[in-house]
Amino acid sequence: MAAPGSGKVVYEQEGVFIHSSCAKNDDQDSIISGVLRVIEKDSSSVVEWTQTPKEKSPRGSDHQNNYEAEWDMVNTVSFKKKPRSNGDATTHANGESKWSFQFSLTDLKSIKQNKEGMGWSYLVFCLKDDVILPALHFHHGDSKLLIVSLEKYVVLCESPQDKRILLVNCQNKSLSQSFENLLDEPTYGLIQKLKKDPYTATMGGFSKVTNYIFDSLRGIDSSTQQRPPSEMADFLSDAIPGLKINQQEEPGFEVITRIDLGKRPDVIRREPVSAEEWTKNMDSEGRILDADFIKQMIFKGGLCHALRKEVWKFLLGYFPWHSTREERTNLQKRKTDEYFRMKLQWKSVSDEQEKRNSRLRDYKSLIEKDVNRTDRTNKFYEGQDNPGLILLHDILMTYCMYDFDLGYVQGMSDLLSPVLYIMENEVDAFWCFVSYMDQMHENFEEQMQGMKTQLIQLSTLLRLLDSGFCSYLESQDSGYLYFCFRWLLIRFKREFSFQDILRLWEVMWTELPCQNFHLLICCAILESEKQQIMDKHYGFNEILKHINELSMKIDVEDILCKAEAISIQMMNCKELPQAVCEILGMENSAVTTPDSDTGEDESVTMMSRSASTYQNISMPVTAANGTKDNAQHMAVTHIAHKLTPT
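This is a predicted model, so every value here is computed, not measured. (Residues numbered from 1 in each chain as written. Predicted model: local features only at pLDDT ≥ 70, side-chain atom pairs only at ≥ 80, totals over all residues. Heavy atoms only, no water.)

Draft legend 1. Highlighting the overall build of the chain. Looking only at helices and strands, one finds 25 helices and 15 strands in the chain. Every one of the 646 residues in the chain was classed for burial, and the buried ones make up 55%. In the chain, 68% of the contacts between residues at least 6 apart in sequence involve partners at least 24 apart. Total accessible area computed for the chain in this model is approximately 29,600 Å², and 48% of it derives from carbon and sulfur atoms. (Helix = DSSP H or I, 4+ residues; strand = E, 2+ residues; numbered from the N terminus. Buried < 20%, exposed > 50% of the residue type's maximum accessible area, 1.4 Å probe, protein only. Contact = heavy atoms within 4.5 Å. Areas by Shrake-Rupley, 256 points an atom, 1.4 Å probe, with all protein chains shown as cover.)

Draft legend 2. Region of the structure containing the pattern of salt bridges. In the structure shown here, the tally under the stated rule is 29 salt bridges. The salt bridge partner of Lys562 is Asp558, with a shortest N-O separation of 3.5 Å. Taken together, the residues span about one helical turn, with Lys562 and Asp558 both in helix H22 (residues 556-572) at a distance of four residues. Here the residues in one salt-bridge network are Arg269, Arg308, Arg503, Glu506 and Glu557, joined through shared partners. (Salt bridge = Lys/Arg side-chain N within 4 Å of Asp/Glu carboxyl O.)

Draft legend 3. Looking closely at the environment of Leu146. With respect to the element layout, Leu146 can be found in helix H1 (residues 143-150). Each C-alpha atom of the pair Leu146 and Tyr11 lies 7.1 Å from the other, and the pair is 135 residues apart in sequence. Beyond its immediate chain neighbours, meaning those up to four positions away, Leu146 contacts Tyr11, Leu36, Val38, Leu123, Phe125 and Phe138.

Draft legend 4. Structural context of the packing of aromatic side chains. What the rule picks out here adds up to 26 aromatic pairs. Ring geometry for Tyr402 and Phe430: centres 6.0 Å apart, planes at 85 degrees, overall edge-to-face. One end of the pair, Tyr402, is in helix H13 (residues 387-402); the other, Phe430, is in helix H15 (residues 426-444), and 28 residues separate them in sequence. According to the relative accessible area criterion, Tyr402 is partly exposed, its value standing at 35%. (Phe/Tyr/Trp six-rings, centres within 6.5 Å; stacked < 30°, edge-to-face > 60°.)

Draft legend 5. Up close: the sheet that holds strand S12 (residues 156-158). Pairing is antiparallel across the open sheet formed by nine strands, whose spatial order is S8-S3-S2-S1-S11-S10-S9-S13-S12. Of all strands in the sheet, those with a lone pairing partner are strand S8 (100-104) and S12, marking the two edges. On average, each strand axis in the sheet is inclined to that of its neighbour by 30 degrees, with strand direction left out of account. Alignment of strand S1 (residues 8-19) against strand S11 (residues 136-138), held across two bridges, turns out to be antiparallel. Across the sheet, the residue bridging to Val16 is Phe138, located in S11. Lying on the sheet, H1 is in contact with S1, strand S2 (31-40), strand S3 (46-51), strand S9 (108-113), strand S10 (121-127), S11, S12 and strand S13 (165-168); it crosses S10 at an angle near 35 degrees. (Pairing = 2+ DSSP bridges. Axes fitted to C-alpha atoms, helices over the stretch in contact; angles between N-to-C directions.)

Draft legend 6. Quick look at the packing of helix H14 (residues 412-423) against H15. At a minimum axis separation of 9 Å, H14 and H15 run at an interaxial angle of 155 degrees. Relative to H15, the element H14 lies roughly antiparallel. Considering the relative orientation of H14 and H15, their crossing is right-handed. Where H14 abuts H15, its residues Met412, Leu415, Leu416, Val419, Leu420 and Met423 lie against Asp428, Ala429, Cys432, Phe433, Tyr436, Met437, Met440 and Phe444. Counted by class, the contact of H14 with H15 contains 13 nonpolar, no polar and one charged residues. (Parallel < 35°, antiparallel > 145°, perpendicular 65-115°, else oblique. Left-handed = near helix turned anticlockwise from the far one by under 90°. Nonpolar A, V, L, I, M, F, W, Y, C, P; charged D, E, K, R; others polar.)

Draft legend 7. Summary view of the packing of helix H19 (residues 498-508) against H22. At a minimum axis distance of 10 Å, the contact between H19 and H22 shows a crossing angle of 20 degrees. Considering their axes alone, H19 and H22 lie roughly parallel with respect to each other. The handedness of the crossing between H19 and H22 comes out as right-handed. When H19 is examined against H22, the residues Asp500, Arg503, Leu504 and Val507 are found in contact with a partner set consisting of Val556, Glu557 and Leu560.

Draft legend 8. Region of interest: helix H10 (residues 325-347). Between its first and last C-alpha atoms H10 spans 32 Å; for 23 residues at 1.5 Å apiece the expected length is 33 Å, and the two agree. Those residues of H10 that sit buried are Arg328, Leu331, Tyr339, Met342, Lys343 and Trp346. Buried residues in H10 make contact with helix H9 (305-315), H13 and H15. (Expected span 1.5 Å × (residues − 1).)

Draft legend 9. Summary view of the confidence of the model for the chain. Model confidence for the chain is summarised by a mean pLDDT of 75, while 66% of its residues fall at 70 or above. Across residues 589-613 the pLDDT falls below 50, and counting only partners more than four positions away or on other chains, this stretch makes 49 contacts in the model. (pLDDT = per-residue confidence, 0-100.)

Draft legend 10. Expanded view of the pairing of S13. Relative to S13, S9 runs antiparallel, the two sharing three bridges. Within the sheet, the bridge partner assigned to Ser110 lies in S13 and is Leu167. As judged from the three bridges shared by S12 and S13, these two strands associate in the antiparallel manner. Pairing of Cys157 across the sheet is with Leu167, part of S13. As consecutive antiparallel partners, S12 and S13 are separated by six residues.

Draft legend 11. Quick peek at the nonpolar core. Ranked by size, the top nonpolar core spans 127 residues in total, and within it Met412, Phe444, Phe492, Ile521, Met570, Leu576 and Leu584 carry the most contacts. Setting aside anything within four residues of it in sequence, one finds Phe492 in contact with Arg486, Trp487, Ile501, Leu504, Met508, His518, Ile521, Cys522 and Ile525. Formed by 27 residues, the second largest nonpolar core is a distinct cluster that contains Val16, Ile18, Ile32 and Leu127. (Core = buried A, V, L, I, M, F, W, Y, C linked by side-chain atoms within 4.5 Å.)

Draft legend 12. Expanded view of unusual backbone geometry. Residue Leu512 is joined to Pro513 through a cis peptide bond whose omega torsion reads 0 degrees. Looking at where Pro513 falls in the secondary structure, it is placed in the loop between H19 and helix H20 (517-535). With a phi close to 50 degrees, Arg491 is a non-glycine residue in the positive phi region. Even without glycine at this site, Phe492 takes up a positive phi of about 65 degrees. Mapped onto the secondary structure, Phe492 falls in the loop between helix H18 (485-489) and H19.

Below, the structure is given as structure tokens:
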């Protein structure tokens, strides 16, 4: 059904009334009948209530004001005037007023509903700007049908303080629960959850996926083990809205046909950067002389442990690469003042204030829970009343003040823990963590757009590298690659040992040899496991179990070599698809430059800055034939094929 203006009407209910006063009689002037609709539009869906035509308007009211609902001790409804531009009454030519209001579901904060006790049900919508719309009384219909309709577009959950209130999106609590299901292996079955809540949205969808993963791994619910492939495919499609992978009709995607990537080179890694090498690349005032060269050395070998406390501040963007020693000292002083001002904000909140701030309470509760189980086997965090745990808690609480909209979501403690371990300083660790979270922010946002994008990009890269393996995964309902979810969410933190993750992160922070190098690391791991998965004919559950059991068994140096080799192989390919060029940060527009020896034109493809930096610094790279001559040529070969944009 088409909406009066634009959009599609997905819910419509007549006989939905606004009671304009608390009159105990049935005076028609105090009751306004209307039609309630939910209208689906391209950008966002809206809820609209309009007065039934020819309805008598309420006497003695100011029609240029909307009304805000108030609740007394026995749940009756009264109103007080409150100006509201988008809920004004409009006056028709006949002199009568027409009441209406409309709001986008993106502006909806909560829904208050009555339980038993009245002859009909009613709902009150509260918007994010704390404007409360008039209560809607369903004299002739069931308000539950409206709730069912809304749950197709937003996530609703009961408020822990008042079961009559449905909170919309349940932002961090719901998101944290999704991640908790993923990170902590829940003990309840998917089928039971689906029976209780058959409707899926972005948040609930990922929660259901992670529930399924770990229920399958633990073998808790035998019914989940027997789900037919067709049903599982439909379930995944519903569970992750917008996550359409390897679909030719998907806009913005390019069909990747079989492409000869050429021979993959062997690469070798160097020893970690030493303190002497670092010092040699610094002038008398403490400026880094050649930041690109230092990044290249870090990419090829990492850092010796003694350098990490200093160099990580540069890699994470806390210290500018070309700053002097004095400038960095002044920066630290300013950042120290700023940090403790934010820390004081939550430290000075009284118990009474905290009782009235549910979001802060939720953040604090989640942080306390996670801090008590983060890296407790590491000496820096082990034991009771450990000072490391106190710092971990305080930094995460202060981050809530720094970014209150995001607040705290489970998984953030995993990202902070190694940073604090290296810094051994509350302020430096906080600002390095802030920089890291700037990179990872989208992973933890409510809509998880960063996670969706990365899964799609990973699928695109893997299909180019091995379309046969991708087809096998799809045949086992694993083509969505969501078993890589944890890898991407917290950058392999649970997959490698603590010391190995220090090496892996500092390598990735160089942003070499290309954009999204972490996705090539995923490809390298999957390629290493491909043979076993296919030879043993692993199905859906076996693939999940196998990937999960790789934790702490992956050789970080071996995987870094393979991922780098893949990057060189792709950069050398002359027919790299546009989608892959974009993922790796390589522009596909060829430019013509004169050849210095022959004077003839030579077509070359311009790389992203990070890729160019990597390719123009000579490092020991061993070719596939074992020789080192032409190693630089192998690293800097340009793509000479001009691709046609899709």
